[in-house]
Amino acid sequence: AADGIDDATIQKVSDRYIKLVEKYPHMRGFIQDIEFSDELSADTYAARKLSLDASGRVTRKILLNRSEYLDMDSLEKKYLASVKSGHFPKGTIVDNIIDHEFGHAIADDMSLRIKGINLDEKLFSNDEWERIRVAGKAFSKICVEDAARKSKMNIKQFQRSISRYAKEDYGETFAEAF
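None of these values were measured; they are calculated from a predicted model.

Draft legend 1. View of empty space enclosed by the protein. Within the structure shown, the criterion is met by 1 cavity of 30 Å³ or more. Put simply, the largest cavity is a space of about 60 Å³. Taken together, K12, V13, R16, Y69, M72, V94, D95 and I98 form the lining of the largest cavity. With 3 residues, the single largest contributor to the lining of the largest cavity is helix α1 (residues 7-23).

The following block contains the structure:
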């Protein structure tokens, strides 16, 4: 077990991630690590984290809230209650937490590809990285607008049709729909 997380939970997370990479092979290696973290707030199950290290390299991780993943039975019950209340999409299960963060990573990857940026081949200044992060949000917005149009809904209707959390912003709409 890693830092109190039982082997079955670690295996479940690993299996889910492997399935996603098999389905989206272009994403192999984009996420460099999945870690159980103490840095997330109590109401956050997980987060996708792209950050600049001291050398100017971009690190890419999925963080899972250690305190939530210490007790998978409790996490599953809390997640299903959130689904039932409409906070998360109908029909989703606790495994979809990984899918959601992977959806953010796909949006990150695609916006970087469109700009012709390979994170592994470049060092960034803080200013460059901040401009890239801001511009990257445009990809999710374009995808959400296109999906809403194809669904014959306005943006707010489309977001409401997914979940309450999808209404947070375009990035969350994209990841929730993923």
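Draft legend 2. Geometry of the sheet that holds strand β1 (residues 33-37). Overall, mixed pairing links the 3 strands, which are arranged β1-β3-β2 in an open sheet. In this open sheet, the two edge strands, each paired with only one partner strand, are β1 and β2 (46-52). For this sheet, the mean angle separating the axes of adjacent strands, direction not counted, is 35 degrees. With 5 bridges connecting them, β1 and strand β3 (residues 58-65) associate as parallel partners. Bridge pairing in β3 links S37 to N65.

Draft legend 3. Fine view of the packing of helix α4 (residues 96-114) against helix α7 (residues 170-177). In the contact formed by α4 and α7, the axes pass within 8 Å of each other and the chain directions differ by 120 degrees. With respect to each other, α4 and α7 are oriented oblique. Seen along the crossing, α4 lies across α7 with a hand that is right-handed. Here H100, G103, H104, I106 and A107 of α4 lie close against α7, whose contacting residues are G171, E172, F174, A175 and E176.

Draft legend 4. Structural detail: helix α6 (residues 155-162). Buried within α6 we find F158, Q159 and I162. On an axial view of α6, the arc spanned by its buried residues comes to 95 degrees, and they lie on one face. With a side-chain oxygen positioned 3.0 Å from the backbone nitrogen of K156, the residue opening α6 is N154.

Draft legend 5. Expanded view of the nonpolar core. Within the largest apolar cluster, 40 residues are counted, with the highest numbers of intra-cluster contacts made by L64, Y69 and I97. When residues of this core are traced back to their parent elements, those giving at least two are α1, β2, β3, α3 (72-84), α4, α5 (126-150) and α6. Among the elements that take part in this core, α4 stands out by supplying 7 residues, more than any other. Contacts of I97, omitting those with residues within four sequence positions, involve Y45, A46, Y69, L75 and Y79.

Calculation notes
- Residues numbered from 1 in each chain as written.
- Predicted model: local features only at pLDDT ≥ 70, side-chain atom pairs only at ≥ 80, totals over all residues.
- Heavy atoms only, no water.
- 1 Å grid on protein atoms, 1.4 Å probe; cavity = no way out; pocket = protein on both sides within 12 Å on 5 of 7 lines; lining within 4 Å.
- Points joined across faces, edges and corners; volume = space filled by probe spheres on them.
- Helix = DSSP H or I, 4+ residues; strand = E, 2+ residues; numbered from the N terminus.
- Pairing = 2+ DSSP bridges.
- Axes fitted to C-alpha atoms, helices over the stretch in contact; angles between N-to-C directions.
- Parallel < 35°, antiparallel > 145°, perpendicular 65-115°, else oblique.
- Left-handed = near helix turned anticlockwise from the far one by under 90°.
- Contact = heavy atoms within 4.5 Å.
- Buried < 20%, exposed > 50% of the residue type's maximum accessible area, 1.4 Å probe, protein only.
- Arc of directions from axis to C-beta.
- Polar contact = N/O pair within 3.5 Å; in protein donor to acceptor, adjacent residues only side chain to side chain.
- Core = buried A, V, L, I, M, F, W, Y, C linked by side-chain atoms within 4.5 Å.

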